[in-house]
Every structure is written in structure tokens, then in C-alpha cells.
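Fold and contact review
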Amino acid sequence: MKYAYFPGCCDHTSGREYDVSTRAVCRALGVELVEIPDWSCCGSTPGHSTSHMLGVALAARNLALVAEMGLDCTASCSACYQRLAMANVEMQNNQELCKKINWVTGKPYHGGVQVKSILEIIAGLRSETISAKLVRPLRNLKVAVYYGCLMVRPKEVQVDDPENPLVMDGLLDAVGAHALDWNSKTECCGASLAISNEDVVLKLTEKILADASLAGAECIATACPLCHFNLDMRQRKINQVFGSDYRLPVFYFTQLIGLAIGLTPIDLSFNTHFVDTKRVLELVG
Amino acid sequence: MRIGVFVCWCGSNIGGVVNVPRVAAQAAHFPYVVYSVDYKYTCSEPGQNMIANAIKEYNLNRVVVASCSPRLHESTFRSTISRAGLNPYLLEMVNIREQCSWVHANEPDQATAKAIDLVRMAVAKAARLEPLFESSIPVTKKALVIGGGIAGIQTALDIADAGHKVLLVEREPTIGGKMVMLDKTFPTLDCSACISTPKMVAVAQHPNIELLTCAEVTEVSGYIGNFTVLVKQKARYVDHSKCTGCGTCWEKCPKKVSSEFNQNMGERKAIYIPFPQAVPNKPCIDADNCRLLNGQKCGVCARVCAAQAINYEDQDAYRQVEVGAIVVATGYDLFDWAKAYGEYGYGKLVDVITGLQFERLVNASGPTDGKIMRPSDGKEPQNVVFIKCVGSRDEAKGKAYCSRACCMYTAKHAHQVLEKIPGSRVFVFYMDVRAPGKAYEEFYQRTVNEGARYIRGRVSKISRKGGKLLVKGADTLLGAQVEIEADLVVLATAMVPAQCSREFARTVGFTTDQDGFFQEAHPKLRPVETTTAGIFLAGCCQGPKDIPDTVAQAGAAAVKVCTLLAKKHIATNPMIARVNESLCQGCLLCRDVCPFKAIEMKAITGPAQGRTTQKTVAQVNNGLCQGCGSCAASCRSGAIDLQGFSNEQIESAIQTLLEK
């Protein structure tokens, strides 16, 4: 199984743990990832909210590169996944737009590439593939599985049921963890508003942390670098502002799966989190 | 052959475009035409008199009327010429309005030329018209009503009161339908059961009504006046002729299951009557849940039954019934919101209930004796949120249409909460408030004045917050987000056609609309009839309705049935297919293409080349044939003609155009 891999900007910077753990887990599970040569930023939220054309064009250029590789495409970051997948749908369904975009990028893309999120790919593996490698089941680790808003919306590219997604829950259950039934699975964390209006993000993120704690979570699992950033790095600030005392480690789902299939915490970059992960490691044993 | 041509102006509808006098003048030169005239309103009384007089004066034996659509006035002009002594089928109508002046409003010259050609063709066809005679078919003086909700009950009672026999078939163990589950009815707040149970009893006691519960119609064949229906009486395991309804069996039955009648908010036994006032007031065994019928040791009900009415060996039985008319009143189900609305918890939040569940909660004979309680802990709710249009007016997740009754029953529920729970707070999320019935708006205003807070906007999410529900929504009038901590949330779910109705539509060959409701023959002028003659509709199987509308429609359907059953015979349309048996090769291709199942196989014996031979031919059932002509078009040997549209008549109309 071989995919063109789009790491995205976050994965090389603030979300390095996601990139490292994704590559490690995929290697271990026999999924070959080939980084797209000369890939460029997907535009993320600022791109398409500035200009629709810009949003599609940035993603379309990357898709054109993937087409040259003759592979299907995957991205770990859910924003990158969503932008690539959405541009893919639009380029295929709107000939007019497709023509314009190809003129803009100078790198014609006419469809044919499939875009999948890394979550879909790992969840799509046969259950034996993971269970055969399972060496350290995350017994009874109570996880609040957080999907954020981009993985399951909009309708054209959603990975799972937008109201109650279960794909990541299923994966974590399969490695022995206990995925909790909680309310804020798909609530927005405020995402990139962190840059322009941090107050909004603090408020929204606090709600998610509060809800996870209320449900009895020992950690949060996510599939989006921005969600991770807001929940993990900002947790201290939230505690300051709201006078709370959250100490909820926030993991990428790939880190937890990696742990369960015997990769070391260092391999999975556990040491670069802001909220200490030691407690979870002790729990898992 | 003496043909008269009458060209109508239809005021300015035709006359404003087509040069009507010129059409009439030209028509005078066509073969066999002895009289041709134009007139402003041919369908009016003087217009009709003009035709009748001309028939006598010029001794006309064929009449051509060039005017509007035959759909509108063919029967008018047929009776006109019939009054003047001509066979009514010696009339030919030309549509020079819909098919000429209206579609060519901007090209009057060409429209006139086309009108002349149309009349030319009609004259050629008229010259070959034959008199046709209606035959009559007998009427079985009995009606079948399918569905024992308030619509079916009312229809059955009305027909029976008019003196006709009625068979009422109901799937469930009792009649009463949804109405008897309701607590009070808006806007008068009278007790729903108090007005429906007497009607249920009246059905059971009426000498003209035969009631079959736990029964289904599985097959319908035949035609108006002469339907043959197969009814399946499902096994009840209780012999109702012996049972006295004493109640010992269901008191002693050890198996409890949740009660459908109480919307799963209460329990019943495996042998049960759905509710104390059920009709018939005799139990049946729920085979899926009965211990004995599932191979376990039990048999308690049989042991305690003094009347020895329990029969575990009972089987489904079929019965064939002949009826003259059928009324379908299969009602509605509620939209399955738990499948579609993840934001409201997919049915997993126990304190989110439907309006019908609320009816049971607030009903004095319901599972809580009328005390409004939260299902989760039995506590009295203080904050109650109502959400309207769950599945209605929501093309993304539900149905596009408005379910008509929800605005009002939600207002009623809000009133009931405020009345029964002192200090309670009620919030109603709505899109619009639709209160168009008599005294409906006043009722809604009264609820608002009592303190129900109406919030215009949809609810985006319901989630758990401690022991409560957190309802997040938008107030679109304030332009603000709203969060309410609720103890109970009640959803006004859309009405959808009853689950059985799709299957039933296939059984009868019904047309349904895009939402699965049965299609009426005409939305305005024939609202209780279907396109199948002799089958009528009542109640929510045709579309969402409240109780007054349902009862009104049920009465209308009953009148239609009575009109039909009042006749000994009904005249059949003679413009149907006719088989020339000497030409027919018996391939029966016509039988395959006939949409009305009107063609049967017939074996005939007759002389051929000096010997007596047997052969197979097609035979048309006059009662079923609707004169569509599919068979005639498919017949390879030209053995089938549609009377009034024979091959010869059509060919001569075309021929005259080619020879022009």
C-alpha cells in the first residue's frame, strides 16, 4: 500500500509529533508514504476564506504533483486533508473552475487522484493488521476522542457521520483503549482564530476540556494539528484565565496506536508535548 | 353523411388569436359538411341550443366542435347532441385553445392555418365515427374501509348509517388509530379519547359494519363496483367468539414487554389489549414475545382462561371478500428522527421524546397517570424545550413539506406543561407558526400569553450536561446564540405515510406522490378520489392533516362511496378496446402492455377452413379497460381497435392532411 503523502506546514513545525508518529505507525503497519516532492502550503483556512480561487488553486497544484506520481494522496493534518479533498471535488465537478485554476497554477490537473485522510487509511486496514502487531494494549485508558470540525464536514468530503463520528473511536477501541461517549466530539476549538482573537479560542477550548474531564477522560485524542495546538499548548493559559486545573494530555491518534503496537514514546515524540504525558504512560504501563 | 361544424371563440381565448370566422368559413367546404358556424361561447346555454337546433334543422348526423379541451367540455357537448337525438359518441372535439391559440399567441396567421387543419382532420375522422353504446356493470353493495383510525372509523360509520354494508379492516389489535393515543385535542382542549372511544364502540355495535382487527388486505383485484379483495386475518391465538374479555389472562401473564400504545413509555403483557377502552375489548397474543410460542414453558393464560378461548395452534387465515368500493385510510407514522438527527442524539438521550410520547405522559390513562415526568429519573421537569419541524420543512435531513398539525399540538403541549407544573418554564423553537384553522391562532396566542417563550430558530445540538440536557440553538430574531438547560425536550416530528402504505400501494397499483402519500385524482376538484375508479382516500394517507380535516375528508369519501353504492348498475365508458377475434393470433402481447390488467386469455372454438378448430384470443374486460390504447398500438395483426379512436378513423384524419 503506497500513498503520496502531504505532511503540510504544521506537521513540519508545531505539529511535528503528528508527522513523526504518522510516519512511524505507517511504516510499522506496512503503509508506504512517499512525500510529495516540492509540495506547497494547502492554504488552510486563511487561503480559502481570503479567496475561493486561491484556496482551490493552492490545493490543485499539489494534486497535480500527486497525479504525476501516479499515486493516491493522503494528508495527516485534517485541514490539509479537507482542503485537498474539497479542491479535488470542485475541480472534478466544475469544468469552468477547473479551466481557470489550471490557467492560474500553470500545472494542469484534471482529476483522477483520490484524496484520503490518514485516519481513513489506518482505519481501513484489516483489523488483523493492527491486532497482529498489538504488544501493549492501552487497557482501559479512557480517551475522549476529538474529531474537530474539519474531519467530518462538509458533506462532500466527510470521513464519517458528522453528528456522531465513530471511526477514530473504533480504532482506539481496537488497541484496547476505552473511547468515551462525550458531547464535544465535533465542537469547534476555534482553530486559527487563535491568531486574531485568542479569547474566543480560550472559551471554546475550555468547553472541550471541561466536557472531556466531566466524561472522565484521562487523555484526548485528535487528528488535527491545530486542535492539538489549541488543546495542548494553550491548556496552561486556559487554567490561568479560568482558574481551572486541567492536566489532560492531548495525543494524536497515531501516537496512541504507535504506543500500542510497541513503538517507544520517544519514537512517537511524546516528549515534545506541553502537557505532561507521563501519567498516561504510567497508566498504560 | 351530414356533418355540422361549430367553431368557438371562447371569448378572446381563441377569438383573440385565431380568425375564428375564417375557420368556420373554410370548414364549410370540407367533405360532408353541410353546416358551419362560429359562436362566442359555444358551451353556454344559447351555444348549446344553437347546436341542438342545427342538428334538427339541417338533419345533422355528426357534430364537430372546435373549442377548448375535451377534458373540459366533451361531456357537455355529448349530452347536448344526445338531447337533440343523436348518439352522444357521434361528436368530435378539436382543441383549438390549449393546442392552438394559447401556444401560438404571437403568430395569429399560423394559428389560424393550424386551426383550419385541425378542423379538417376532425371532420375526416367524424365522417367515420360509429355510434357507441354504454353497457352497464352491476355494483356489489358493500364497501371496504382499510384502516381503523379516526378517518376509517368516520367513513365506515357514515357509509353504514346510509344503509350500506361495510367491512372495516385494521392491522392493529384495536381500532382508534393515533387519535385515541392523544390526550387533548386543540384548540378546544377536549379529551381526545372521550370523543373517539364512543365512535369506536359505535363501529363495533353497528349492524352494518363488520370489523376485522389484526387483519391486512393482501390482494385487490377487479374494478369499480366489483372488487375482489383478499384479507389476511393474522393469528391472534385467542378465539374471540369464546373470549369474554374478563382480563384474567393478561393479569396473570408473566411476560412484560414495552407497550406500543404507550409509545414504549409503559409496559404491557405478552397477551394483551392495547389499552382499557380498546375495541374489540378482547386480547390477542403477541407471538414474538409469548413464552410458550417461543418454546419456553408457560401456558399460564390457557390455564386461567375459564372460557377456554386460548388457542396456541391458531394460524393466519385468508378470506376473500367482494366489495363495490374501497376507502383507503391507512394514516401516518411519525418520522424516524432517531435515524436522521444526530444533533439531537440519535434517540440515545432518554429525556428527548417525541410529541406522541408526550401525549402519553400527559394522558390521564397513560403510563404515569397524567403526571409529566422525565423518563430518565421520573422527576417533574421544570424547564421544557419544544422543537418544531423535526423532519418537516427540512430538505437536508427530513421532508420538504409542512406537517400541518405540529404548530398546534406543540402550543397545546406548552399550555399543558405550564398548567400542570407550577413555576415551569417552556421554550418553543420554531421556524414559523402556522395556525390557520378555526380558533387556532387564538389558541396559540393564549399559550404565548400564558408564558411560553417562542424562539425563532433551529436547535443545533442537544447534549448532556450533568443530569440535564443542554440545548444549543439560535434566536434568529435576536441574532444571538441561545443555550438552555432543559429537563425535558419534546420534538414535533413530521408525519410520514404509514409504513405499510408503500406495500399497499403496490398491492393496489396506486400512484403515490414523491413523499409516498397516496395521490388524489385532482388536488382541488377530486381530493378524495384516486385515479382508480371506485377507490377513495381519507385522512393522512393522502397527506398530513389534523383531526377536523381528517374527519371532513372521511365524510366526503363516505358520500362518494354512497353515491356509487346507491346505484344498481353503473354505466361503462364504451370508448374501450375491442378485439376482432377472427384477426387475433392469440400472441397476447396486448396483455403484457396493458397497465390496467384488462386483457385476459380466452379459448374459442369456431369454423376455419371447413373444420371446427380451437384457438386462443385476447379478451377485453369492459370494467377494467380505461381506453388508453396501448393494446391497439401493440397489436401486430391489427386485431384490436380502440372504439372512438379506431385505426380507420385516425388514418383518415392523417390522410386528409396529406392530401390537402
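Residues numbered from 1 in each chain as written. Chains lettered and ligands numbered in written order. Predicted model: local features only at pLDDT ≥ 70, side-chain atom pairs only at ≥ 80, totals over all residues. Heavy atoms only, no water.

As recorded in an unreviewed UniProt entry, chain B goes by the name Polyferredoxin, heterodixulfide reductase subunit A, listed as coming from Desulfoscipio gibsoniae DSM 7213. UniProt annotates chain B under Cofactor (unreviewed entry) with the comment "FAD". Checking UniProt for chain B, the heading Sequence similarities (unreviewed entry) contains the comment "Belongs to the HdrA family." (UniProt positions renumbered as here; feature names shortened; annotations may be inferred.)

Looking at an unreviewed UniProt entry, one finds chain A named Heterodisulfide reductase, subunit B and attributed to Desulfoscipio gibsoniae DSM 7213.

Residue and element names in this part refer to chain B. At a minimum axis distance of 11 Å, the contact between helix 12 (residues 355-362) and helix 13 (residues 406-420) shows a crossing angle of 35 degrees. Between helix 12 and helix 13 lies a crossing of left-handed hand. Judged by residue contacts, Gly355, Phe358, Glu359 and Val362 of helix 12 engage Tyr409, Lys412, His413, Gln416, Val417 and Lys420 from helix 13. When grouped by side-chain class, the residues that make up the contact of helix 12 with helix 13 number four nonpolar, three polar and three charged. (Axes fitted to C-alpha atoms, helices over the stretch in contact; angles between N-to-C directions. Helix = DSSP H or I, 4+ residues; strand = E, 2+ residues; numbered from the N terminus. Left-handed = near helix turned anticlockwise from the far one by under 90°. Contact = heavy atoms within 4.5 Å. Nonpolar A, V, L, I, M, F, W, Y, C, P; charged D, E, K, R; others polar.)

Turning our eyes to something else, we now look at the state of the cysteines. Taken as a whole, this structure holds one disulfide over all chains when the rule is applied. The side chain of Cys191 of chain B participates in a disulfide bridge whose partner is Cys194 of chain B; the two sulfur atoms lie 2.3 Å from each other. Handedness of the Cys191 of chain B-Cys194 of chain B disulfide follows from its S-S torsion of about 80 degrees: it is right-handed. Look at Cys194 of chain B and you get partly exposed, because its relative accessible area is 49%. Cys10 of chain A forms no disulfide, and the closest cysteine sulfur to it belongs to Cys77 of chain A, at a distance of 5.4 Å. Note on Cys10 of chain A: relative accessible area 25%, which makes it partly exposed. We note that Cys189 of chain A lacks a disulfide partner, and the nearest cysteine sulfur, in Cys227 of chain A, lies 4.1 Å from it. Residue classification places Cys189 of chain A among the buried residues on the basis of a relative accessible area of 2%. (Disulfide = S-S within 2.5 Å. Buried < 20%, exposed > 50% of the residue type's maximum accessible area, 1.4 Å probe, protein only.)

So, about the UniProt feature "domain: Cysteine-rich" (unreviewed entry) in chain A. Taking the numbering used here, the UniProt-annotated feature "domain: Cysteine-rich" (unreviewed entry) corresponds to residues 3-83 and 143-232 of chain A. As a span, residues 143-232 of chain A carries 41% helix and 10% strand, and end to end its C-alpha atoms are 15 Å apart.

A few words now on the interface of chain A and chain B. Taken residue by residue, the interface counts nine residues in chain A and 11 residues in chain B. Together, Glu163, Asn183 and Glu187 of chain A form the three largest contributors to the area buried by chain A at its contact with chain B, with a combined 58%. Across the pair Glu187 of chain A and Lys461 of chain B runs a salt bridge, and its minimum N-O distance is 3.6 Å. Linking chain A with chain B are five residue pairs in polar contact (both at pLDDT 80 or more). Here the residues of the side of chain A that touches chain B are counted per class, giving one nonpolar, three polar and five charged. (Buried area = accessible area lost by both parts, 1.4 Å probe. Salt bridge = Lys/Arg side-chain N within 4 Å of Asp/Glu carboxyl O. Polar contact = N/O pair within 3.5 Å; in protein donor to acceptor, adjacent residues only side chain to side chain.)

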